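# Inside the fold
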Amino acid sequence: KKPNIHDVLEGKIKIKDAAIVHSSGLKYIAGDKSYERLSQNLVKNFKRDVLDEIKSEELIILDTPSGFSSDFKKVISLADYALVVKTPEMASVADAAKEIRLCAEHKVRISGAIINMSRGIEGEMSEKAIESVLAIKVLATIPLDDDVKHAAKAELPLIYSHPDSKSAEKLKVAAARFLGKTYE
C-alpha cells in the first residue's frame with residue numbers, strides 16, 4: 001500500500017515520506033480510497049501537518065471533495081486560488097456556484113472552471129451556459145472516454161499514459177489557459 005495524506009494527518013508518517021515522484025518530476029500525495037478513512041475528520045491540523053511542511057514548493061494543488069463540510073471550509077480557507085472542477089449537470093453547477101460564493105467569503109480567487117466527465121448528451125449544460133451561471137471562464141470541457149478509465153485503473157496521469165487522447169488534449173488546453181497561454 002502506498003503512503004497517503006491520511007497517514008500524514010494521522011501522524012503515522014511525515015509529509016516528505018508520503019510524496020510520490022512521477023517520472024515527469026511531478027510530486028504528488030495520494031488520498032486514501034477507503035470510505036472509513038475518508039470520513040474521518042482529520043483536517044484540524046492540516047495547515048500544521050501538511051502545508052507548513054511543504055511551504056518551499058511553488059505550487060500546491062489540493063483536490064478537495066465538493067460540498068460544504070467543515071473540512072472543505074477549513075481547507076478552502078487556506079487557499080489563495082481555486083480551480084472549480086464540476087460535471088456538466090445542473091446540480092453540479094449549482095453546487096459550484098455555492099462553492100464560488102464560499103471562496104469569495106474567504107477571499108480565494110477563482111482561476112476558472114474545468115468541466116469534467118462530459119459525455120456530450122442531451123441534458124448536459126453547455127460551456128456558455130455554465131459560464132453564465134458561474135460568472136467565471138470555463139478553461140476546458142474534458143470528455144469522459146475509455147482512456148481516462150484506463151489511466152485511472154493504472155494509477156497513471158492521463159497525459160502520460162494516453163497523451164494523444166481527446167481528454168489528454170483537452171487537459172493540455174486547460175493547463176495552458178490556466179497559465180494564461182495558448183496550447184497548440
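Residues numbered from 1 in each chain as written. Predicted model: local features only at pLDDT ≥ 70, side-chain atom pairs only at ≥ 80, totals over all residues. Heavy atoms only, no water.

What follows concerns the side chain of S167. Take S167: it is sitting in helix α10 (residues 166-178). There is a polar contact of 2.9 Å between the side chain of S167 and the side chain of D145. Those residues in contact with S167 that sit more than four places away from it in its chain are I142, P143, D145, V148 and L158. (Helix = DSSP H or I, 4+ residues; strand = E, 2+ residues; numbered from the N terminus. Polar contact = N/O pair within 3.5 Å; in protein donor to acceptor, adjacent residues only side chain to side chain. Contact = heavy atoms within 4.5 Å.)

Moving on, we come to the sheet that holds strand β5 (residues 138-143). One open sheet holds the 3 strands; their spatial order is β3-β4-β5, and the pairing between them is parallel. In the strand order of this sheet, the two ends are held by β3 (81-86) and β5, each with one partner. For this sheet, the mean inter-axis angle between neighbouring strands, taken without regard to orientation, is 20°. For β3 and strand β4 (residues 109-118), the ladder comprises 6 bridges, and the chain directions are parallel. Within β4, the residue paired with K86 across the bridge is I115. Sitting on the sheet, helix α7 (residues 127-134) is in contact with β4 and β5, with an inclination near 135° to β5. (Pairing = 2+ DSSP bridges. Axes fitted to C-alpha atoms, helices over the stretch in contact; angles between N-to-C directions.)

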